[in-house]
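Commentary on secondary and tertiary structure
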Amino acid sequence: MPGLQKPVALILFLIFTGFVFSSCGVVKNGTVTERPEENFAETGSLIQEGQASWYGPKFHGKLTANGEIYDMDDLTAAHRTLPFNTKVRVTNKANGKSVDVRINDRGPYVGNRIIDLSRQAAREIDMMDAGVGNITINLLNEGDRPITSSNSSSRESFTVQLASFDTEQRAVEESGKISGSEVVQIPVGGRNIYRVYYGTYTSAADAEKKMREMRRRGIVGFVKQREN
């Protein structure tokens with residue numbers, strides 16, 4: 001009947017638009033969000049430029065942010081947001097010397113510095129005596145995750161992690177119990193894990209405040225950097 005055409009068309013339109021929005025990663029409680037971003041960094045491309053520093057004896061033998069033992073004689077570096085195991089080329093602008101390092105730690109947290117080199121890496125580009133230097137960072141190989149516009153910046157973000165699962169179903173079930181939470185799919189070591197997050201915060205202090213509030217409600221979690 002002609003009079004039914006408009007309602008049917010409207011229903012089909014609503015179904016279609018709902019499918020489009022769900023496929024674009026709209027965050028809803030109990031659903032999986034991959035937070036897709038275009039990979040803007042290709043091998044050899046410039047990621048950042050700014051000031052570098054180095055760290056050595058005081059931290060030698062201690063745990064790095066990814067759980068390794070820091071060896072100041074290895075060619076490694078700390079960066080605030082680059083995915084762990086990303087390999088980059090750091091070039092000293094003062095002399096043109098370069099060194100290839102692997103990201104296995106977080107930092108630096110002094111001023112506007114963007115990368116903290118191991119002692120050996122700083123030695124390779126003649127930066128030890130100066131302590132700091134103006135550098136460029138170029139991508140060599142992606143690490144645990146693709147390089148995106150957010151995880152190659154020097155502005156980290158934080159969340160309260162409530163759980164982590166090997167299967168999407170279990171993560172969605174857990175998220176469904178906590179209003180405002182989300183499931184984020186994370187590629188790690190060639191497989192996907194599913195973490196239940198609550199909120200995004202620009203400082204660890206704000207995330208800790210929310211974590212304490214949730215614990216008073218009987219919800220246990222911990223603060224973590226979203227880029228890790």
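Anything mentioned here points back to the structure above.
Notes on the structure follow.

How each quantity is defined
- Residues numbered from 1 in each chain as written.
- Predicted model: local features only at pLDDT ≥ 70, side-chain atom pairs only at ≥ 80, totals over all residues.
- Heavy atoms only, no water.
- Helix = DSSP H or I, 4+ residues; strand = E, 2+ residues; numbered from the N terminus.
- Contact = heavy atoms within 4.5 Å.
- Pairing = 2+ DSSP bridges.
- Axes fitted to C-alpha atoms, helices over the stretch in contact; angles between N-to-C directions.
- Core = buried A, V, L, I, M, F, W, Y, C linked by side-chain atoms within 4.5 Å.
- Buried < 20%, exposed > 50% of the residue type's maximum accessible area, 1.4 Å probe, protein only.

Some words on the side chain of S118
With respect to the element layout, S118 can be found in strand β6 (residues 113–118). Apart from residues lying up to four places away in sequence, S118 is in contact with W54, Y55, Y70, M72, D74, L75 and T76.

Section: the sheet that holds strand β5 (residues 98–105)
In space, the six strands of this closed barrel follow the order β2-β6-β3-β5-β4-β7, with mixed pairing throughout. Within the sheet, the average angular offset between the axes of one strand and its neighbour, ignoring direction, is 45 degrees. Where strand β4 (residues 87–92) lies against β5, five bridges are found, and the strand directions are antiparallel. Across the sheet, the residue bridging to T91 is S98, located in β5.

Brief notes about the nonpolar core
The nonpolar side chains of soluble globular proteins are, as a tendency, buried together. The biggest cluster of nonpolar side chains holds 20 residues, and the ones touching the most others in it are V88, V90, V101, I115, L117, I135 and I137. At the level of elements, β2 (46–55), β4, β5, β6, α2 (119–124) and β7 (132–141) are the ones that each hand at least two residues to this core. Not counting chain neighbours up to four residues away, the residues in contact with I115 comprise Q51, A52, S53, A77, A78, V88, V90, I103, P108, I135 and I137. Counting residues in each nonpolar core, the second largest holds 16 residues, with A171, I178, Y194 and I219 among its members.

Some remarks on the pairing of β2
On a regular strand, each side chain points to the face opposite its neighbour's, so the side chains alternate between the two faces of the sheet. Here β2 runs beside β7; their pairing, made up of seven bridges, is antiparallel. Looking at the pairing, A52 lines up with G133 of β7. Bridge analysis of β2 against β6 gives five bridges, and the strand direction is parallel. Within the sheet, the bridge partner assigned to S53 lies in β6 and is D116.

Quick look at the side chain of N138
One can find N138 in strand β7. Discounting residues that sit within four places of it in the chain, N138 has contacts with G44, S45, L46, I47, K87, V88 and R89.

All quantities given are derived from atomic positions and should not be read as evidence of function.
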